[in-house]
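Listed here are the chains, written in short residue letters.
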Amino acid sequence: MKRLYYTALGYMIAGLIAGIYYREVTKITGFTGKTMLSVLHTHLLVLGMFFFLILILLEKQFCLSKSKLFTAFYWIYNIGVIWTVALLAVHGTITAAGGLSGPAIAGIAGMGHIILSGGLILFFILLKERITQAK
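Residues numbered from 1 in each chain as written. Predicted model: local features only at pLDDT ≥ 70, side-chain atom pairs only at ≥ 80, totals over all residues. Heavy atoms only, no water.

### As for helix 4 (residues 103-134)
Every α-helix carries 3.6 residues per turn, so stepping three or four residues along brings you back to the same face.
Stage number 1. For helix 4, with 32 residues, the first-to-last C-alpha span of 46 Å sits near the 46 Å given by 1.5 Å per residue.
Stage number 2. Looking at the buried side of helix 4, the elements it contacts are helix 2 (37-62) and helix 3 (70-96). (Helix = DSSP H or I, 4+ residues; strand = E, 2+ residues; numbered from the N terminus. Expected span 1.5 Å × (residues − 1). Contact = heavy atoms within 4.5 Å.)

### Quick notes on the side chain of asparagine 78
Stage number 1. Within the element layout of this structure, asparagine 78 appears in helix 3.
Stage number 2. Within the structure, the side chain of asparagine 78 is placed 2.6 Å from the side chain of tyrosine 11, a separation counted as a polar contact.
Stage number 3. Sequence-distant contacts of asparagine 78, that is, excluding residues within four places in its chain, are made with Thr7, Tyr11 and Phe52. (Polar contact = N/O pair within 3.5 Å; in protein donor to acceptor, adjacent residues only side chain to side chain.)

### Some points on the nonpolar core
Stage number 1. The biggest cluster of nonpolar side chains holds 30 residues, and the ones touching the most others in it are Phe52, Leu55, Leu64, Phe73 and Phe123.
Stage number 2. Within the residue set of this core, elements represented by two or more residues are helix 1 (2-29), helix 2, helix 3 and helix 4.
Stage number 3. Looking at which element gives the most residues to this core, the answer is helix 2, with 11 residues. (Core = buried A, V, L, I, M, F, W, Y, C linked by side-chain atoms within 4.5 Å. Buried < 20%, exposed > 50% of the residue type's maximum accessible area, 1.4 Å probe, protein only.)

### Considerations on unusual backbone geometry
Stage number 1. At cysteine 63, a position not held by glycine, the phi torsion is positive, near 50°.
Stage number 2. Structurally, the position occupied by cysteine 63 is in the loop between helix 2 and helix 3.
Stage number 3. With a relative accessible area of 28%, cysteine 63 lands in the partly exposed category.

### A short note on the pattern of salt bridges
Stage number 1. Tallying each qualifying case throughout the model produces 2 salt bridges.
Stage number 2. Between glutamate 24 and lysine 27 there is a salt bridge, with its nearest N and O atoms 3.5 Å apart. Placement of both glutamate 24 and lysine 27 in helix 1 is noted, with a separation of 3 residues, approximately one turn of the helix.
Stage number 3. Residue classification places glutamate 24 among the partly exposed residues on the basis of a relative accessible area of 26%.
Stage number 4. One salt-bridge network, in which partners are shared between bridges, spans Arg23, Glu24 and Lys27. (Salt bridge = Lys/Arg side-chain N within 4 Å of Asp/Glu carboxyl O.)

### Digging into the side chain of threonine 95
Stage number 1. As for its placement among the helices and strands, threonine 95 is situated in helix 3.
Stage number 2. Of note is the side chain of threonine 95, whose polar atom sits 2.9 Å from the backbone oxygen of histidine 91.
Stage number 3. With near-sequence residues (within four places) excluded, threonine 95 lies in contact with Phe31, Lys34 and Thr35.

### What about a nonpolar patch on the surface?
Stage number 1. Where nonpolar side chains cluster on the molecular surface, the patch consists of Val46, Phe50 and Leu53 and spans about 260 Å² of accessible area.
Stage number 2. One can find phenylalanine 50 in helix 2. (Patch = residues over 30% accessible without salt bridge, like charges linked within 9 Å, V, L, I, M, F, W, Y side chains within 5 Å. Areas by Shrake-Rupley, 256 points an atom, 1.4 Å probe, with all protein chains shown as cover.)

### Regarding helix 2
Stage number 1. In this model helix 2 runs 36 Å from its N-terminal to its C-terminal C-alpha over 26 residues, within 8% of the 38 Å that 1.5 Å per residue would give.
Stage number 2. At phenylalanine 51, helix 2 shows its largest bend, some 30°.
Stage number 3. Where helix 2 ends, the next residue or the one after it, cysteine 63, has phi of about 50°, a positive value. (Bend = angle between axes of the 7 residues up to and from the residue.)

### Digging into the environment of glycine 92
Stage number 1. Relative to the elements of secondary structure, glycine 92 occurs in helix 3.
Stage number 2. In sequence terms glycine 92 and tyrosine 22 are 70 residues apart; their C-alpha atoms lie 8.6 Å from each other.
Stage number 3. The residues touching glycine 92, leaving out its near neighbours within four places in the chain, are Thr35, Met36 and Leu37.

### Considerations on the packing of helix 3 against helix 4
Stage number 1. Their axes nearest at 8 Å, the elements helix 3 and helix 4 cross at an angle of 155°. In this view, helix 3 runs roughly antiparallel relative to helix 4, as classed from their interaxial angle. The handedness of the crossing between helix 3 and helix 4 is left-handed. (Axes fitted to C-alpha atoms, helices over the stretch in contact; angles between N-to-C directions. Parallel < 35°, antiparallel > 145°, perpendicular 65-115°, else oblique. Left-handed = near helix turned anticlockwise from the far one by under 90°.)

Here's what the structure looks like:
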């Protein structure tokens with residue numbers, strides 16, 4: 001359970017830093033349009049901090065970590081979130097700096113979403129397993 005707490009804490013810190021980064025980059029560059037940096041903060045807080053805070057409650061109730069799938073879920077999900085937000089940061093920074101990002105950035109970002117989806121699928125499989133065993 002401590003691992004889930006520290007993961008949530010890490011995402012909270014990253015989310016707050018992302019908010020500051022967005023504000024400072026757009027201020028320095030004088031950028032006023034839309035950029036992916038504007039959603040970086042939210043992605044980290046919701047997919048990271050809030051998800052893992054909820055996971056702590058589910059762990060307490062259903063002992064999710066007893067599932068053989070838990071470790072795979074944990075790492076795949078985190079890789080997906082980090083990959084996705086890293087590409088949001090890259091894409092947003094390029095945009096704020098006045099550049100154009102090509103289809104390669106979108107493709108690589110899409111892979112992050114696919115990995116994240118795999119983690120979510122594993123989560124729901126292991127959650128069902130643990131709920132079924134809890135009866």
